[in-house]
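As a plain string of letters, each chain reads:
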Amino acid sequence: MLVVRIPAELLNHLQSTVDGFFLSDDYWGWDAKQYHALVADAQQSLRRADMASRLADSAREHLPASYTLGRLYLRAARPNTKGQESVGWHREEFYGSPKGTLNFWAPVRGVTRENTIRYIPGSEHIPDDEIKLEQAPDAVVAKGSNGNEIGLLYAPKHIVGGVDFTKAQPLEVPRGSAAIFSGSVIHGAAVNRGPDIRFSVDFRVYPR
């Protein structure tokens, strides 16, 4: 687990984009599909600004000598929202990423110790065949929908054995910084019980 600084101009761009799309409180009462469409629009604005490449370039010394980038995702979890508004416990290999994948994750606004993502220290060493999974379709997120476009899963895999969740720790990243960690680490978003929407961005780094 590595923490790196984000250049101030990139953090400012992330925050100003979020602020520009989430201007009012109206979206607090929106249904999931309507809200997902708003998040997808904000995410597309960040992708057009090539934020994944710019963030990766700022941390190039900590990345493999040769790599390709996955798409950037904007995570915008409303407080105390039922259903899938963030991704639960997983490792990237569950969804097709190769071994050696890195995660780049950066808090933007509203991230606290209580609602930041959680991870299981040392879980990158648990063999895949020791982790028991169950998979079921999501009630709201359909394949190809706006919810799916913002990184929510239309058929999430749930860990039902092989991982000791009592060892979970909060991933604490100071304001203006980002975390780079192995995609094999078991991690997932906590329920946002704070008063504000929790915003963060992330993308995968694939070694060539």
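For the structure itself, consult the block above.
Residues numbered from 1 in each chain as written. Predicted model: local features only at pLDDT ≥ 70, side-chain atom pairs only at ≥ 80, totals over all residues. Heavy atoms only, no water.

**Re unusual backbone geometry**
Right, on to step 1. At Asp50, a residue that is not glycine, the phi angle is positive and equals roughly 55°.
Right, on to step 2. Looking at the element boundaries, Asp50 is found in the loop between α2 (32-48) and α3 (51-58).
Right, on to step 3. For Asp50, a relative accessible area of 40% gives the class partly exposed. (Helix = DSSP H or I, 4+ residues; strand = E, 2+ residues; numbered from the N terminus. Buried < 20%, exposed > 50% of the residue type's maximum accessible area, 1.4 Å probe, protein only.)

**Side note on the side chain of Asp202**
Right, on to step 1. Mapped onto the secondary structure, Asp202 falls in strand β11 (residues 198-207).
Right, on to step 2. Looking at Asp202, the relative accessible area reads 5%, which means it is buried.
Right, on to step 3. Reaching out from Asp202, the side chain makes a polar contact with the side chain of Arg75 at a distance of 2.7 Å.
Right, on to step 4. With sequence-adjacent residues up to four places away left out, Asp202 is seen in contact with Arg71, Leu72, Tyr73, Arg75, Phe104 and Trp105. (Polar contact = N/O pair within 3.5 Å; in protein donor to acceptor, adjacent residues only side chain to side chain. Contact = heavy atoms within 4.5 Å.)

**So, the pattern of salt bridges**
Right, on to step 1. Across all of its chains, the model carries 11 salt bridges by this definition.
Right, on to step 2. The residue Asp19 makes a salt bridge to Arg109 at a minimum N-O spacing of 2.9 Å. In this pair, Asp19 sits in helix α1 (residues 8-21) while Arg109 sits in strand β4 (residues 102-109), placing the two residues 90 residues apart along the sequence.
Right, on to step 3. Taking relative accessible area as the criterion, Asp19 reaches 32% and is therefore assigned partly exposed.
Right, on to step 4. Between Arg204 and Asp202 there is a salt bridge; the shortest N-O distance is 2.9 Å. (Salt bridge = Lys/Arg side-chain N within 4 Å of Asp/Glu carboxyl O.)

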